[in-house]
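Summary of structural features
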Amino acid sequence: MFNDIGIVELVTLVVLAVLIFGPDKLPKVIQDVTRTIRKIREFSDNAKNDIRSELGPEFKDFEFEDLNPKTFIRKQLGENGDLSELKELRDTFDLRKEINDVADAVNGTDTARSVPAGAVNGSNGSSPGTPDLLKKSDKPAQDERPPFDADAT
């Protein structure tokens, strides 16, 4: 539980406890804290047993520690905990490249092919039947409907 606390931190906590509670009240405070921790553990164990009994016999080997994502992945990959497949998957995925591709798609640029400067604004590269949603039109004609943007709704 306290794996990260060193001896210096522990001594500091003891000195602070003596200063805050005083040497007279400190044993009573320690008893109260240990009693509270015991009650919390008992409550937790009772809750786990109730959940196991409600789940039924098909979940008899269910462990709550398996809900930890690291433990779940290790269990699914095998008992030896071989994470080499995950490392390979992580190495093939390049987050910066994906972010740059999305940014280029949003900005209308394409890094795979060279695009003329006018095509970025849609004046040169857009097809004649599609309206340019980035360009603000002056005023629609009387019978013309404004362009519909499916992503905006």
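Residues numbered from 1 in each chain as written. Predicted model: local features only at pLDDT ≥ 70, side-chain atom pairs only at ≥ 80, totals over all residues. Heavy atoms only, no water.

Our focus in this paragraph is the overall build of the protein. Scanning the protein for helices and strands turns up five helices and zero strands. For the protein, the succession of helices and strands along the chain, N to C, is α-α-α-α-α. Relative to its full complement of 153 residues, the protein shows a buried share of 6%. Relative to all contacts within the protein whose residues are 6 or more apart in sequence, the contacts with residues 24 or more apart total 0%. Accessible surface computed for the protein: about 14200 Å², of which carbon and sulfur atoms make up 58%. (Helix = DSSP H or I, 4+ residues; strand = E, 2+ residues; numbered from the N terminus. Buried < 20%, exposed > 50% of the residue type's maximum accessible area, 1.4 Å probe, protein only. Contact = heavy atoms within 4.5 Å. Areas by Shrake-Rupley, 256 points an atom, 1.4 Å probe, with all protein chains shown as cover.)

This part is about the pattern of salt bridges. Under the definition given, this model contains three salt bridges. Where Lys 28 meets Asp 32, a salt bridge forms, and the shortest distance between an N and an O atom there is 3.3 Å. Of the two residues, Lys 28 and Asp 32 both sit in helix H1 (residues 7-55), four residues apart, roughly one turn of that helix. Residue Lys 28 is classed as partly exposed on the basis of its relative accessible area, which comes to 48%. One salt bridge in this structure joins Lys 97 and Asp 101, with 3.2 Å as the shortest N-O distance. Of the two residues, Lys 97 and Asp 101 both sit in helix H4 (residues 95-107), four residues apart, roughly one turn of that helix. For Lys 97, a relative accessible area of 46% gives the class partly exposed. Salt bridges here are not isolated pairs; linked through shared partners, they connect Lys 28, Asp 32 and Arg 35. (Salt bridge = Lys/Arg side-chain N within 4 Å of Asp/Glu carboxyl O.)

A separate point is H1. For H1, built from 49 residues, the straight-helix expectation of 72 Å at 1.5 Å per residue is missed by more than 12%, its first-to-last C-alpha distance being only 43 Å. Maximum bend of H1: about 100°, positioned at Gly 22, with proline Pro 23 one to four residues after it. Three or more residues of H1 are buried, namely Ala 17, Gly 22 and Leu 26. Among the residues trailing H1, Gly 56 stands out with phi positive, at a value near 100°. (Expected span 1.5 Å × (residues − 1). Bend = angle between axes of the 7 residues up to and from the residue.)

Below, the discussion takes up the confidence of the model for the protein. Taken residue by residue, the protein gives an average pLDDT of 76. The fraction at 70 or more is 70%. Across the protein, the secondary-structure element scoring lowest on mean pLDDT is helix H5 (residues 117-120), at 46, and the one scoring highest is H1, at 91. (pLDDT = per-residue confidence, 0-100.)

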